[in-house]
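# Structural characterization, general
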Amino acid sequence: MKRLQYQRYGGPDVLALEDAETPTPARGQVLVGVRAAAANAMDWKIRNGEMRPMTGRKFPRGVGHDFAGVIERVGEGVTRLHAGDEVLGAAPLQQAGAFAEFVIADQNSVAHKPDALTFAQAATLPVVGLTAYQAVTQAGKLRPGQDIFINGCLGGVGRVGVQVATGVGATVTGSCRSGSEADAHQLGVGAVVAFDLDPEPLTGRFDVVFDTAGTLPYATARRMLKPGGRIIDIVPSVAKFVRSLLPGPYTAFMGRPDSKDLQHVADAAGRGEIATHISRTVSLTDAIPALIDLENAPTSSGGKLVITTD
Ligand SMILES: NC(=O)c1ccc[n+]([C@@H]2O[C@H](COP(=O)([O-])OP(=O)(O)OC[C@H]3O[C@@H](n4cnc5c(N)ncnc54)[C@H](OP(=O)(O)O)[C@@H]3O)[C@@H](O)[C@H]2O)c1
């Protein structure tokens, strides 16, 4: 099969589209024929070696996590999924490899694709959808009638976060780049502020501060909370994980594989309650320059790059 891969951590020049052996699913895994895959910021953080403690030193490494496709084979112990099922999912952090003709995934990271979604639409959901859903509803425990602030509300995770929060029945305030306010309002964000927001008028107003960009100073986020409120930050660092262990409102959150949560997100998207924004679609053979463009773009506006295998 064809697979985008690299032999050492580094810049975009390490990427190559190469022939690779089609993998065999181990116990609890499935082999999926990829129809579409989607890029995430973590794809190049991993390739750069920024997540080395989690991603190890085994090469060649594949690229990409999000995919949608058709199950080719299931490993031992897999009963919920069958060959021929149309699915979406995420390849494991340690292995990646979704930018390929076939990918291996753990069954707990795979859900059935609703008929209403195209493979391209479905492929954009797993990482941003699962992260936003779990961060807002589980880590943030957002309830109907509450108030949430979403920093970076037009990013990939931010966009889904807004839709999950309005779906819960919460009121959303968000930050975005100057000039994109209308886009944010259209998505369901009430009040919109700039990235370099003045915390004064936002003091004590939110049950949840969801920092999808990881840029809000802790003191600012803390000041914006109502008593008992929570800060959820999805761009962790060692210092942030340490803070997260201390008593207080702050959580450095990592999305976790959960097929039930992923199915919930996929079904919501199938009903039209959650939508992602696809900015570009390319074939696997044209993926490298498109990934480089995305990585170097000054702004993403949450637009997803989709890579197809046909
Ligand atoms: N913890 C986890 O499990 C997890 C899961 C998924 C993603 N992540 C991480 O979460 C981050 C967001 O992911 P994503 O897929 O949503 O990325 P994305 O699509 O690039 O979105 C990032 C958003 O942040 C905005 N932004 C840029 N500078 C900002 C600032 N100074 N203040 C506020 N917002 C700012 C961007 O606006 P412009 O586009 O206008 O620049 C964009 O809307 C990435 O670092 C990613 O690695 C973590």
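This text goes with the structure placed above it.
Described in the following lines is the structure provided in the data block. (Residues numbered from 1 in each chain as written. Predicted model: local features only at pLDDT ≥ 70, side-chain atom pairs only at ≥ 80, totals over all residues. Heavy atoms only, no water.)

### A few points about the site of the ligand
Using the following cut-off: The cutoff for a nearby residue is simple: one of its non-hydrogen atoms must lie within 4 Å of the molecule or strand. Two N or O atoms count as a polar contact when they lie within 3.5 Å, although within protein this holds only if one can serve as hydrogen donor and the other as acceptor, and sequence-adjacent residues are included solely when both atoms are side-chain atoms. Helical segments are the DSSP runs of H or I of at least four residues, strand segments are the runs of E of at least two, and each set is numbered from the N terminus. Just so you know the grouping, Ala, Val, Leu, Ile, Met, Phe, Trp, Tyr, Cys and Pro go in nonpolar, Asp, Glu, Lys and Arg go in charged, and all remaining residues, Gly too, go in polar.
If you check the shell around the ligand, you find 25 residues, and the closest are K45, G156, V157, R177 and G255. Taking G255, its main chain carries an N or O atom lying 2.7 Å from an oxygen atom of the ligand. At 2.9 Å from an oxygen atom of the ligand is found a side-chain nitrogen or oxygen belonging to T299. Only α1 (41-47), α4 (126-139) and α5 (156-168) provide two or more residues apiece to the shell around the ligand. The dominant element in the shell around the ligand, judged by the number of residues it contributes, is α4, at three residues. Taken together, the residues of the shell around the ligand break down into eleven nonpolar, twelve polar and two charged.

### Here we look at the nonpolar core
Short version of the rule: Side-chain atoms within 4.5 Å are what join buried Ala, Val, Leu, Ile, Met, Phe, Trp, Tyr and Cys residues into a set we call a nonpolar core. Note on classification: 1.4 Å probe, protein chains only; a residue is buried when its accessible area is under 20% of the maximum for its type, exposed when over 50%, partly exposed between these limits. Whether two residues are in contact is decided by their heavy atoms, any of which lying within 4.5 Å being enough.
Core analysis: the biggest nonpolar cluster contains 47 residues, and L88, I148, C153, F210 and I274 have the highest contact counts within it. Broken down by element, the residue count for this core peaks at seven residues, all from α4. Excluding its chain neighbours within four sequence positions, the residues that come into contact with I148 are V136, L142, A165, T171, V172, T173, F206, V208 and F210. Core analysis: the next-biggest nonpolar cluster, separate from the first, contains 33 residues, L4, V63, L81 and V103 among them.

### Quick look at unusual backbone geometry
Most peptide bonds take the trans configuration, and most residues that are not glycine carry a negative phi. That bond from F59 to P60 is cis: its omega, 0°, falls within 30 degrees of zero. Looking at where P60 falls in the secondary structure, it is placed in the loop between α2 (52-55) and β4 (61-62). For A96, which is not glycine, the phi dihedral falls at a positive 55°. One non-glycine residue, K141, adopts positive backbone phi at about 50°. Positionally, K141 belongs in the loop between α4 and β9 (147-151).

### Observations concerning the side chain of T131
By the secondary structure assignment, T131 is in helix α4. In this structure T131 comes out as buried when scored by relative accessible area, which is 12%. Reaching out from T131, the side chain makes a polar contact with the backbone oxygen of V127 at a distance of 2.6 Å. Contacts of T131, omitting those with residues within four sequence positions, involve P126, V157, I234, F253 and G255.

### So, a nonpolar patch on the surface
In plain terms, the rule: A patch consists of residues whose relative accessible area exceeds 30% and which take part in no salt bridge; residues with like charges are grouped when within 9 Å of each other, and nonpolar side chains (Val, Leu, Ile, Met, Phe, Trp, Tyr) when within 5 Å. Under the convention used here, a 1.4 Å probe and the Shrake-Rupley method define accessible areas, while residue burial counts only the protein chains that appear. Only one rule defines a salt bridge in this text: a Lys or Arg side-chain nitrogen within 4 Å of an Asp or Glu carboxyl oxygen.
Taken together, the side chains of M54, F241 and M254 present a nonpolar region at the surface, about 260 Å² in accessible area. Mapped onto the elements of the fold, F241 is located in helix α8 (residues 238-245). For F241, a relative accessible area of 37% corresponds to the partly exposed category.

### With respect to the sheet that holds β4
The line we're drawing: Paired strands, in this sense, are two strands between which DSSP finds at least two bridges.
Strand order in the open sheet made by the three strands is β2-β1-β4, with antiparallel pairing throughout. Each having just a single partner strand, β2 (16-19) and β4 make up the two edges of the open sheet. Bridge count between strand β1 (residues 2-6) and β2: four bridges; the pairing is antiparallel. When the sheet's bridge partners are listed, R3 is paired in β2 with E18.

Without other data, these values stay purely geometric and don't point to any function.
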